[in-house]
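# Structural overview for review
Residue-level listing of the chains:
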Amino acid sequence: MSNQRNGDTKPPCLPRNGLVKIPTQPNGLGSASITKGTPAVKNRLCQPSSVPAILSPALANHSDLPIPSLASPLSLAALAGVSSPPSASLVGLNSSEASSGKEQPSPERLPGSPSERQLAVDEKILNRLFWYFSACEKCVLAQVCKVWRRVLYQPKFWVGLTPVLHTKELYNILPSGEKEFVSLQGFAVRGFDGFCLVGVSDLDICEFIDNYPLSKKGVKSMSLKRSTITDAGLEVMLEQMQGVVRLELSGCNDFTEAGLWSSLNARITALSVSDCINVADDAIAAISQLLPNLTELNLQAYHVTDTALAYFTAKQGYTTHTLRLNSCWEITNHGVVNMVHSLPNLSVLSLSGCSKVTDDGVELVAENLRKLRSLDLSWCPRITDMALEYIACDLHKLEELVLDRCVRITDTGLSYLSTMSSLRSLYLRWCCQVQDFGLKHLLSMGSLRLLSFAGCPLLTTTGLSGLVQLQELEELELTNCPGATPELFKYFSQHLPCCMVIE
């Protein structure tokens, strides 16, 4: 633990996609992950925890107490709160300690004086202390003693986290060679109401439903990735798991549009479908007819056309506030016309990768979707400065604008954006025509909290140094930016002390 506080080690994490990855154990139990957070939170996941010095020195530095290193790998058994088999290497213990079969110490066996032991197991203090740790660290700390586990296993410490379980992690191999489904009781105690299952089949999903105590009513969100679920499996899952209101299907190529017609029901309010080869216009028809209470739809489907965007019902036009159409290559400005009339109350819209949408399509969005707070036009190569003028003139409530890889945007477009007083997040990654002169237009935007110029090749150190005028900036991304020098980062650390600068 002392190494963690000194900054020598960091908890294993992947901040870019929000996955806290726990490496595979040699005991065959596999690995587990936890997902959480907004982009800013994800970037902060890899930073050491700011933990107050509440632990007594006797407890923090005692070498005999089996406290795992916070950077140690965790098996699924540790995450789920079940005992590893005798042959498994216990997390944080060397081979000699593991072979001795030590159990978690009781409070009376903790080192130090009686007063120090009492402090270390004071649940009032622990309930405050444990908020300072990341998800990875909490999984490890829960193994210190029974009191710590009891405190940490309160659902409040796991709100917003989603366990990610791969199919190989769902089974233990018995000495006879047979497979036994793992115990998920540790997840149930912590009240997890959402799961991401990777590489599972219809049978695996049925086993999960039978073995997770909260599956029938307590699970609100299910995500299936790179799985072989069929129409029948999808129907059984949504029929049995009556609490599911959020559903994600990614890389699942064995279900068809007929499966959506037979399984979707009105309780689902958020649906995400991506990289599923059998999804086309008829899938949108099923969604529009069967999900009257839909509030959020995320769709990546290469075969969806303009016609599908006219299928949404009048009620969905009232309830749906988030629509993300990512890499829907067949969508054109005609599809945008259908969308803005079918879903006039959108507050979040993404047309990322819809490469046929032009400035005229953006004009339709700006004129008809005045409630937009977030707009993503990344990877739309036909967007020019004219589109930014439409946005600045009509979208007065816009707080987030993503323009990554919009290669035709120039400094003129940034001058239009400088008039947007509500804009808080602006992404200009790999906008290769943006120069120092364009940066000057943004210096008057006191509302900006997040700014990204990653991969912008024409920005110089001199131009970037002017960003210190944005004193309210909380996050600045300059990855792969040639003008971002070590001297510049040092300058930012002195003049933007409250801003996290991503190199």
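Higher on the page you've got the structure.
Described below are features of the structure shown in this document. (Residues numbered from 1 in each chain as written. Predicted model: local features only at pLDDT ≥ 70, side-chain atom pairs only at ≥ 80, totals over all residues. Heavy atoms only, no water.)

### Considerations on the packing of helix H16 (residues 333–342) against helix H17 (residues 359–368)
Stated precisely, the cut-off is as follows: Working convention: axes come from line fits to C-alpha atoms, limited for helices to the stretch in contact. Angles between N-to-C directions cover 0 to 180 degrees. By the criteria applied, helices consist of DSSP H or I runs no shorter than four residues and strands consist of E runs no shorter than two, each listed in order from the N terminus. For this classification, under 35 degrees means roughly parallel, over 145 means roughly antiparallel, 65 to 115 means roughly perpendicular, and everything else is oblique. By definition in these notes, contact holds between two residues if any of their heavy atoms fall within 4.5 Å. Gly counts as polar in this scheme, as do all residues outside two lists: the nonpolar Ala, Val, Leu, Ile, Met, Phe, Trp, Tyr, Cys and Pro, and the charged Asp, Glu, Lys and Arg.
Relative to each other, H16 and H17 sit at 10°, their axes nearing to 9 Å. Classified by the angle their axes make, H16 and H17 are roughly parallel. Between H16, through Asn333, Val336, Val337, Met339 and Val340, and H17, the contact on the second element is made entirely by Asp360, Gly361, Leu364, Val365 and Asn368. Broken down by class, the residue content of the contact of H16 with H17 amounts to six nonpolar, three polar and one charged.

### With respect to the packing of aromatic side chains
Threshold: Planes of paired rings set the category: under 30 degrees apart is stacked, over 60 is edge-to-face and the rest tilted, where pairs are Phe, Tyr or Trp rings (Trp by its six-membered ring) whose centres lie within 6.5 Å. Exposure is judged per residue with a 1.4 Å probe applied to protein chains only, and the accessible area is read against the type maximum: over 50% gives exposed, under 20% gives buried, and values in between give partly exposed.
On inspection of all chains with the given rule, the structure shows 14 aromatic pairs. An angle of 70° between the planes, with centres 5.6 Å apart, marks the rings of phenylalanine 187 and phenylalanine 195 as edge-to-face. Accessibility expressed as a relative area gives 0% for phenylalanine 187, which makes it buried. Residue class for phenylalanine 195 comes out buried when judged on its relative accessible area of 1%. On the basis of an interplanar angle of 65° and a centroid distance of 6.5 Å, the ring pair of phenylalanine 192 and phenylalanine 195 is categorised as edge-to-face. Phenylalanine 195 shares its class with phenylalanine 192; the two are buried.

### Quick look at the packing of H17 against helix H18 (residues 385–394)
Two elements in contact, H17 and H18, have axes whose closest approach is 9 Å; the angle formed by their N-to-C orientations is 5°. Taken together, the axis directions place H17 and H18 in an arrangement best described as roughly parallel. Mapping the contact onto sequence places Asp359, Val362, Glu363, Ala366 and Glu367 in H17 and Met386, Ala387, Tyr390, Ile391 and Asp394 in H18. Taken together, the residues that form the contact of H17 with H18 break down as six nonpolar, no polar and four charged.

It is worth stressing that arrangement in space is one thing and function is another; only the former is reported here.
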